[in-house]
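# Chains, contacts and geometry: an overview
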Amino acid sequence: MDFNLTEEHLMIQQAARDFAQNELLPGVIERDENQTFPTEQVKKMGQLGFMGMMVDPKYGGSGLDAISYVIAMEEISKIDASASVVMSVNNSLVCWGLQEYGTEEQKQKYLPGLASGEIHGAFCLSEPEAGSDATSQKTTAVDMGDHYVVNGTKNWITNGNTASVYLVIAQTHPELKHKGINALIMTKDMPGFSVGPKEQKMGIRGSDTHSLMFSDVIVPKENRIGEDGFGFKFAMKTLAGGRIGIASQALGIASGAYELALKYSKERKAFGTEICNHQAIAFKLADMAVNIEAARHLCMKAAWDKDQHKNYDVSGAMAKLFASQVAMDTAVEAVQIHGGNGYVKEYHVERFMRDAKITQIYEGTSEIQKIVISRSVIAG
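As annotated in an unreviewed UniProt entry, the chain is Cyclohex-1-ene-1-carbonyl-CoA dehydrogenase from Flavobacterium reichenbachii. Note on the chain: under the UniProt heading Cofactor (unreviewed entry), the record states "FAD".

What follows concerns the pattern of salt bridges. Enumeration over the complete set of coordinates arrives at 17 salt bridges. Note that K43 and E40 form a salt bridge whose closest N and O atoms lie 3.9 Å from each other. Note that K43 and E40 are positioned in helix 3 (residues 39-47) at a spacing of three residues, about one turn of the helix. K43 gets classed as partly exposed once you look at its relative accessible area, which sits at 42%. Owing to a relative accessible area of 46%, E40 belongs among the partly exposed residues under this scheme. Between D143 and K221 there is a salt bridge, with the nearest N and O atoms lying 3.0 Å from each other. Within this pair, whereas D143 is found in strand 2 (residues 140-143), its partner K221 is found in the loop between strand 7 (209-220) and strand 8 (224-225), the two being separated by 78 residues in sequence. The class of K221 is partly exposed, set by a relative accessible area of 23%. What emerges from the salt-bridge pattern is a single network uniting R17, E75, K78 and E259.

What follows is about the UniProt feature "domain: Acyl-CoA oxidase/dehydrogenase middle" (unreviewed entry) in the chain. The sites that UniProt annotates as "domain: Acyl-CoA oxidase/dehydrogenase middle" (unreviewed entry) are residues 122-217. Secondary structure over residues 122-217 splits into 0% helix and 49% strand, and the C-alpha atoms at its two ends are 17 Å apart.

What follows deals with the environment of V85. By the element assignment, V85 lies in helix 5 (residues 81-101). Sequence spacing of V85 and V28 is 57 residues, and the spatial spacing of their C-alpha atoms is 14 Å. The contacts of V85, once residues within four sequence positions are left out, are T158, S207, Q249 and Y362.

Positioned with a positive phi, K177 is a non-glycine residue whose angle comes to about 55°. Take K177: it is sitting in the loop between strand 4 (165-171) and strand 5 (181-186). Given the relative accessible area of 61%, K177 is considered exposed. Of note in the backbone geometry, I204 takes a positive phi value of approximately 35° without being a glycine. Here I204 lies in the loop between strand 6 (193-198) and strand 7.

Scoring rules and cut-offs
Residues numbered from 1 in each chain as written. Predicted model: local features only at pLDDT ≥ 70, side-chain atom pairs only at ≥ 80, totals over all residues. Heavy atoms only, no water. UniProt positions renumbered as here; feature names shortened; annotations may be inferred. Salt bridge = Lys/Arg side-chain N within 4 Å of Asp/Glu carboxyl O. Helix = DSSP H or I, 4+ residues; strand = E, 2+ residues; numbered from the N terminus. Buried < 20%, exposed > 50% of the residue type's maximum accessible area, 1.4 Å probe, protein only. Contact = heavy atoms within 4.5 Å.

So, in C-alpha cells, the structure goes:
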C-alpha cells in the first residue's frame, strides 16, 4: 500500500485548487442566490481537461485514472458544488457510459465535444414514479423497426436545459420488466423533446435541474446503447461509477466547510482566547478531521478498485454512503462553529449545509446504498 499521491496527482490537485479559487470562488454566492448556471466556468473546466478526465485521448479526453478524478472533484467541490455536479454527471455518467458501452460511431460522434467541454451531457433515469425504484420506467420507447418512438417524462435531470446530449432510459418491452429497458442517445433538437421549468432547489442552486418531456420523439436505432434490453444494466453499471463522483463531491463539501470552520475558529475570540482553544470547539474540529480523512480513504479505495478493473459496486456505495453523511454532519457543525455568522450567506458555510443534503439523495439515496452493501454482506 502506498498512500502518497504521485507527482501527476499532485499537479492535478493544484490545478483544480487554483481553478476553484481563481475562477469559481468569485461570484459563487451570487450564482447560488440567483440560480445562475456557471456557463463560463464550465467552459474553462473543459479547456483544462476536467470535463472528460477519464476519456481516452483518441476521443479528446485527458486519459486520466479515477483517482485523479476524485482528487479534482474534491477540490472543485470545496468551492462550488453546483459546478462540480456538472463535472460529475459529464464524466461519470455520460462520458464513461458512452466510452464503455457505446459503438465506435457513437464515441466518435459525441465524446470529443463532451470531453472538451464544448458541450455537456445529461443522464435521464429518474421519473415521477421511478426514483429509487429504477425498474419502474414509465417512459416508453416503442420499436418501429429502424427507429424508436419515445413518450414520457423524466424528473430532476441535472444539466436538463443546458445539455446537448441526453442518455435516456426507457421501457421497450414491458412484459420483460427490467430486461426490456433500453438506453437511447437523444438530443434537444429532436421534434417532440421539450424542457420543463427549472426546479427551485434548496441547494446546488447554480446547477441546471429540469423535468424533460417526450412526445412521439423519433430516435434512430443507431442511437441505442448496447443490445436490445441492455438499458437497465447500463444504468446500474453507470450509476456505480457515478457514486464515486458524488462521494467525491460530498468529500469536497465536507473539506470546504471544515477548512472555513478551522480558519474562523483561529480568528474568532471568546472569553479571552481564540475559540479553537475551547475544548467544545477543538473536539468538533477533531471529529471533522477524522471523518473527512476516513471519507477520503473510502473514495480513494473505490477509485482504486475502478482503476484496477475490480468490482466497485460495494466500495462505491460505501464511499457515497459515508461521505454524504460526513458532508452533512461537517457542514452543520461548521455553521455551529461560526455561530450567528454561520447563518449568513457571506460566510459560505450555510451554502455548504444546503448543498450537502443532496449528496444523500441523488444517484442513489443513502437507503439504496445500504441495500447494495447489505446484500453483499449477507451474500458473503
